[in-house]
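Residue-level listing of the chains:
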Amino acid sequence: MASSSPATPANVFVYGSLLAGDVVSALLNRVPPSSVAVLPHHQRFSIKGRVYPAIIPIEDKQVTGKVLLGVTPSELHILDEFEDYEYERSKVNIFLEDDSVELEAYTYIWKNKTDPHLNGEWNFEDWEKLHKENFLKMTQEFMEEFKKSQGSSPTPEKED
């Protein structure tokens, strides 16, 4: 997958389902501070048969997303597991949209740069209307399984 996790908090550029705060919260149990950001020389694509997008390097294109600031090493590990084997965590340079400040961040890039299933532009607003509810349920189930695999049980439900 990716290089080892950093020992200090990191920035993570997100561009798909992780633009939704409730999806991030389901994974990290918080929503880190964030800012709108742009990743140059990449393009976001829909993936045929999937509800989430991919990005790959393409000159003269850019992806608007947001950067999650201060992601801890343990949170980065959760994101690595969530993004799975088809993505590779890479260091990139992004620009904050507000003031054009350049930052180094991690992001998840689709490994198969010539994948024939990459087609068309992915749209967050469409995803939010059509797929977010089911995706959020899947994310919560992922976290229950992840916690079990890490040797900690999910937070018990409160009894009334």
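Below is a short write-up of the structure. Given the structure is predicted, the values throughout are model-derived calculations rather than measurements.

## Remarks on the packing of helix H2 (residues 73-83) against helix H4 (residues 132-149)
Moving on, step 1. Where H2 contacts H4, the two axes come as close as 11 Å, and the packing angle between them is 115 degrees. Where H2 crosses over H4, the handedness of that crossing is right-handed. Residue-level inspection shows His 77, Ile 78, Glu 81 and Phe 82 of H2 in contact with H4, the latter providing Phe 135, Met 138, Thr 139, Phe 142, Met 143 and Phe 146.
Moving on, step 2. Residues of the contact of H2 with H4, tallied by class, amount to seven nonpolar, two polar and one charged.

## Points about the nonpolar core
Moving on, step 1. Ranked by size, the top nonpolar core spans 44 residues in total, and within it Phe 13, Leu 18, Leu 27, Leu 79 and Ile 94 carry the most contacts.
Moving on, step 2. Among the elements that take part in this core, strand S3 (residues 53-71) stands out by supplying seven residues, more than any other.

## Considerations on H2
Moving on, step 1. Inspection of H2 places Glu 75, Leu 76, Ile 78, Leu 79, Asp 80, Phe 82 and Glu 83 among the buried residues, and these make up the whole buried set.
Moving on, step 2. The inward-facing, buried residues of H2 contact strand S1 (10-14), helix H1 (21-28), S3, strand S4 (87-96), strand S5 (102-110) and H4.
Moving on, step 3. Within two residues after H2, Asp 84 carries a phi angle of roughly 70 degrees, on the positive side.

## Things to note about the pattern of salt bridges
Moving on, step 1. Applying the stated rule across the entire model yields nine salt bridges.
Moving on, step 2. Of the charged contacts, one joins Lys 137 and Glu 133 as a salt bridge, the two residues approaching to 3.8 Å between their closest N and O atoms. Of this pair, Lys 137 and Glu 133 both sit in helix H4, four residues apart, which is roughly one turn of the helix.
Moving on, step 3. Each of the salt bridges in this network shares a partner with another, and the network as a whole consists of Asp 22, Glu 128 and Lys 132.

## A word on unusual backbone geometry
Moving on, step 1. Of note in this structure, His 41 is not a glycine but carries a positive phi near 60 degrees.
Moving on, step 2. With respect to the helices and strands, His 41 occurs in strand S2 (residues 34-46).
Moving on, step 3. Although it is not a glycine, Asp 60 sits at a positive phi angle of roughly 65 degrees.
Moving on, step 4. Along the chain, the position of Asp 60 falls in strand S3.
Moving on, step 5. What makes Asp 60 exposed here is its relative accessible area of 70%.

## Regarding H1
Moving on, step 1. For H1, the set of buried residues is Val 23, Val 24, Leu 27 and Leu 28. When H1 is viewed along its axis, its buried side chains cluster within an angular range of 110 degrees and face the same direction.
Moving on, step 2. Tucked inside the fold, the buried residues of H1 contact S3, H2, helix H3 (124-130) and H4.
Moving on, step 3. In the stretch just after H1, Asn 29 is the one whose phi turns positive, near 65 degrees.

Rules used in this analysis
Residues numbered from 1 in each chain as written. Predicted model: local features only at pLDDT ≥ 70, side-chain atom pairs only at ≥ 80, totals over all residues. Heavy atoms only, no water. Axes fitted to C-alpha atoms, helices over the stretch in contact; angles between N-to-C directions. Helix = DSSP H or I, 4+ residues; strand = E, 2+ residues; numbered from the N terminus. Left-handed = near helix turned anticlockwise from the far one by under 90°. Contact = heavy atoms within 4.5 Å. Nonpolar A, V, L, I, M, F, W, Y, C, P; charged D, E, K, R; others polar. Core = buried A, V, L, I, M, F, W, Y, C linked by side-chain atoms within 4.5 Å. Buried < 20%, exposed > 50% of the residue type's maximum accessible area, 1.4 Å probe, protein only. Salt bridge = Lys/Arg side-chain N within 4 Å of Asp/Glu carboxyl O. Arc of directions from axis to C-beta.

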